[in-house]
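One letter stands for each residue in the lines below.
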Amino acid sequence: MSITSHRSAEEIGRTEVGPRPLPPLGEQRAATGLSHVDTTLTNGLRVIVVKQSAVPMVELRLRIPFADTDLMHAAKAEVLASTFFSGTAKRDRVAIDTDLALVGGELDASVDPERLSIGGNALASGLDTLLDVLSDALTSASYVDEEVGREKSRLVERIAMAMSQPSVIARRALQKHRYGDHPATREMPEAEDVAKVTADEVRALHRDFVLPRGSVLVLVGDVEPDPAVATLESALGGWQADGTATELPELPVVPGGDLLFVPRTGAVQSQFRLSAQAITRTDARYPALQLANLAFGGFFSSRLVENIREDKGYTYHARSYLEFTPGGATLLIDTDTASEVTANALLEVRYELARIVLSPPSDTEVDTVRQYAIGQLLTATASQSGLASQLIGLASQGLGVEWLVSYPGRLQEVTAEQIAAAARDFFAPVNWTGVIVGDSAQFENVRLLGDVKQ
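All values reported here derive from a predicted model rather than from experimental measurement.

This brings us to the pairing of strand 8 (residues 216-221). Counting buried positions along strand 8 yields six of six residues, so the element is predominantly enclosed. What you see with strand 8 is no split at all: Val216, Val218 and Val220 on one side and Leu217, Leu219 and Gly221 on the other are buried throughout. Where strand 4 (residues 46-51) lies against strand 8, six bridges are found, and the strand directions are parallel. Opposite Val47, over in strand 8, you have Leu217 as the bridge partner. One ladder, built from six bridges, connects strand 5 (residues 57-65) with strand 8; its direction is antiparallel.

The domain architecture assigned to the protein consists of domain 1 (36-237) and domain 2 (259-448). If you average the C-alpha positions of domain 1 and of domain 2, the two centres end up 29 Å apart. Opposite the 29 residues of domain 1 that make contact, domain 2 presents 32 residues. For the pair domain 1 and domain 2, the two sides together bury roughly 2400 Å², of which 62% comes from carbon and sulfur. When the buried surface of domain 1 facing domain 2 is broken down by residue, Gln52, Arg61 and His177 rank first, second and third, together holding 21% of it. Here domain 1 is connected to domain 2 by two salt bridges. Going through the elements one at a time, strand 4, strand 5, helix 6 (166-179) and strand 8 are the ones with two or more residues in the side of domain 1 that touches domain 2. The element best represented in the side of domain 1 that touches domain 2 is helix 6, accounting for 10 residues. In terms of residue class, the side of domain 1 that touches domain 2 is made up of 15 nonpolar, six polar and eight charged.

A few words on the sheet that holds strand 7 (residues 115-123). Strand order in the open sheet formed by six strands is 3-4-8-5-7-6, with mixed pairing between adjacent strands. Each edge of the sheet is formed by a strand with only one pairing partner; in this case those strands are strand 3 (36-40) and strand 6 (106-111). Taking each pair of neighbouring strands and ignoring which way they run, the sheet shows an average axis angle of 10 degrees.

Another aspect to go through is the pairing of strand 10 (residues 269-277). In terms of burial, strand 10 is largely enclosed, as seven of its nine residues are buried. As judged from the nine bridges shared by strand 10 and strand 12 (residues 328-338), these two strands associate in the antiparallel manner. When the bridges of strand 12 are listed, Gln277 appears paired with Thr330.

What follows is about the sheet that holds strand 13 (residues 433-438). In spatial order, the strands read 11-12-10-13-9-14; together these six strands make up an open sheet with mixed pairing. Every other strand in the sheet has two partners, leaving strand 11 (318-325) and strand 14 (452-453) as the edge strands with one partner each. This element, helix 11 (residues 303-311), spans strand 11 and strand 12 of the sheet and lies at about 135 degrees to strand 11.

Across all of its chains, the model carries nine aromatic pairs by this definition. Look at Trp403 and Tyr407: their rings are 4.4 Å apart centre to centre, the planes differ by 15 degrees, and that puts the pair in the stacked class. Of this pair, Trp403 and Tyr407 both sit in helix 15 (residues 401-413), four residues apart, which is roughly one turn of the helix. The same class applies to Trp403 and to Tyr407, which are both buried. Here the aromatic cluster, defined as three or more aromatic residues joined through ring pairs, consists of Tyr286, Phe324, Trp403 and Tyr407.

Let us now look at the nonpolar core. Core analysis: the largest hydrophobic core is formed by 68 residues, its most contacted members being Leu289, Leu291, Leu331, Ile333, Leu391, Phe427 and Trp432. Counting residues per element, this core draws most heavily on helix 10 (residues 286-298), at eight residues. Both domains that furnish three or more residues to this core are identified here as domain 1 (36-237) and domain 2 (259-448). Apart from the residues within four sequence positions on either side, Leu391 is in contact with Val50, Val218, Val220, Gly400, Val401 and Leu404.

This part takes up the packing of helix 10 against helix 15. Relative to each other, helix 10 and helix 15 sit at 70 degrees, their axes nearing to 9 Å. Viewed along their axes, helix 10 and helix 15 adopt a mutual orientation that is roughly perpendicular. Crossing hand, helix 10 versus helix 15: right-handed. The segment helix 10 lies against helix 15, with Tyr286, Pro287, Gln290 and Leu291 engaging Tyr407, Arg410 and Leu411. Residue classes in the contact of helix 10 with helix 15 are distributed as five nonpolar, one polar and one charged.

It is worth spelling out the UniProt feature "domain: Peptidase M16 C-terminal" (unreviewed entry) in the protein at this point. Annotation from UniProt places "domain: Peptidase M16 C-terminal" (unreviewed entry) at residues 196-371. Secondary structure over residues 196-371 splits into 41% helix and 22% strand, and the C-alpha atoms at its two ends are 51 Å apart.

On to the packing of helix 12 (residues 342-358) against helix 16 (residues 416-427), then. Taken N-terminus to C-terminus, the directions of helix 12 and helix 16 make an angle of 140 degrees; their axes are 8 Å apart at the nearest point. With respect to helix 16, the element helix 12 is oriented oblique. For the element pair helix 12 and helix 16, the recorded crossing hand is left-handed. When helix 12 is examined against helix 16, the residues Leu353, Ile356 and Val357 are found in contact with a partner set consisting of Ala423, Arg424 and Phe427.

As a further point, take unusual backbone geometry. Unlike most non-glycine residues, Tyr143 shows phi in positive territory, near 50 degrees. Along the chain, Tyr143 turns up in the loop between helix 4 (127-140) and helix 5 (145-162). In this structure Tyr143 comes out as buried when scored by relative accessible area, which is 0%.

Rules of the game
- Residues numbered from 1 in each chain as written.
- Predicted model: local features only at pLDDT ≥ 70, side-chain atom pairs only at ≥ 80, totals over all residues.
- Heavy atoms only, no water.
- Buried < 20%, exposed > 50% of the residue type's maximum accessible area, 1.4 Å probe, protein only.
- Helix = DSSP H or I, 4+ residues; strand = E, 2+ residues; numbered from the N terminus.
- Pairing = 2+ DSSP bridges.
- Domains from an automatic or database assignment.
- Contact = heavy atoms within 4.5 Å.
- Buried area = accessible area lost by both parts, 1.4 Å probe.
- Salt bridge = Lys/Arg side-chain N within 4 Å of Asp/Glu carboxyl O.
- Nonpolar A, V, L, I, M, F, W, Y, C, P; charged D, E, K, R; others polar.
- Axes fitted to C-alpha atoms, helices over the stretch in contact; angles between N-to-C directions.
- Phe/Tyr/Trp six-rings, centres within 6.5 Å; stacked < 30°, edge-to-face > 60°.
- Core = buried A, V, L, I, M, F, W, Y, C linked by side-chain atoms within 4.5 Å.
- Parallel < 35°, antiparallel > 145°, perpendicular 65-115°, else oblique.
- Left-handed = near helix turned anticlockwise from the far one by under 90°.
- UniProt positions renumbered as here; feature names shortened; annotations may be inferred.

In structure tokens:
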């Protein structure tokens, strides 16, 4: 009796006349008919509830505009976020963790110059408990002196370590170069400012800035939208305030101009952070810009990656992407290269910017990035967590479920001519500025390329 061995993948994929042709890609279908409600509670909180019953869970995202011009605001806000769920009038930290654990849940808070973000999840059967803990923190977070002191010590240590990281140095330099003293640049507080924050200041910040009106809550999961809205009204109705959450002032337009070279003596790598003005999702040209960006540097097979990573070997990582800001958006190019090829890398980045303007994406490139963009969006929104995160990002621009559902269709309609126009409008080298953080010995070589100052 003979035993037939299994064929290898290579054997299966070939015939006597050569490789088997790959079947065509199937149609990528957007989610349709998402049962949802987008409304406003009596306290002014906008809520978006979407039914997605893949698993018996719920995902929650809460965005509270949290901006201020006070120079100490970033430090106080960071301490507040770190201690938001450390205790309330009726629960200490242990009780909060225990109640959430009993329903398979968690809640966490983070902050940036624009918003206080709260995210979490739980079993669908534990939604009442999840919302009760959230309401408890929103209305009666205690910020006891001991908890605040403990978290301050941890924050001071983490910030001090982070400030020495090249990526943090580069980001801070870029923000200062683009926006000067705008509050948006205070993404990480100074360690010495955090050390000065008191529990009384944190409690006052909560009272004055943690406000429902102007905020947005997204709930996605195994729920019926209308009853879930009623549950939210009941649970969060006690979160009341007269004011409106404070939005960050609109950022200035980023003009093209000189690059700033930031010396970091002895650095073995150079950090490139380049930026240009872009458009938001509400602009009719946005789908074309997204596809032009993907072709330039937005995914692994893009032109920029093929050039400076695959061909030249200057870097392991390179990308371009869109960053949404208050009232606008920017394009960014982000890569770290070996120090000795800093000038060479800058030359190739500028070459690719010019090339996508003068030689826009081919039909093959357009088909590839279109499929990638649609597939990426559908993958990102296939889970409850991904859908909730996408919707809270859209909500900050006044958009909702309808935009998300219709967007793959708009990507399908974009023409090669529209992508070429977006490349001309947004990727021309004269539109760009930014920073290079690198060894001071590299400045002379970089300076020879022009439009670089120190």
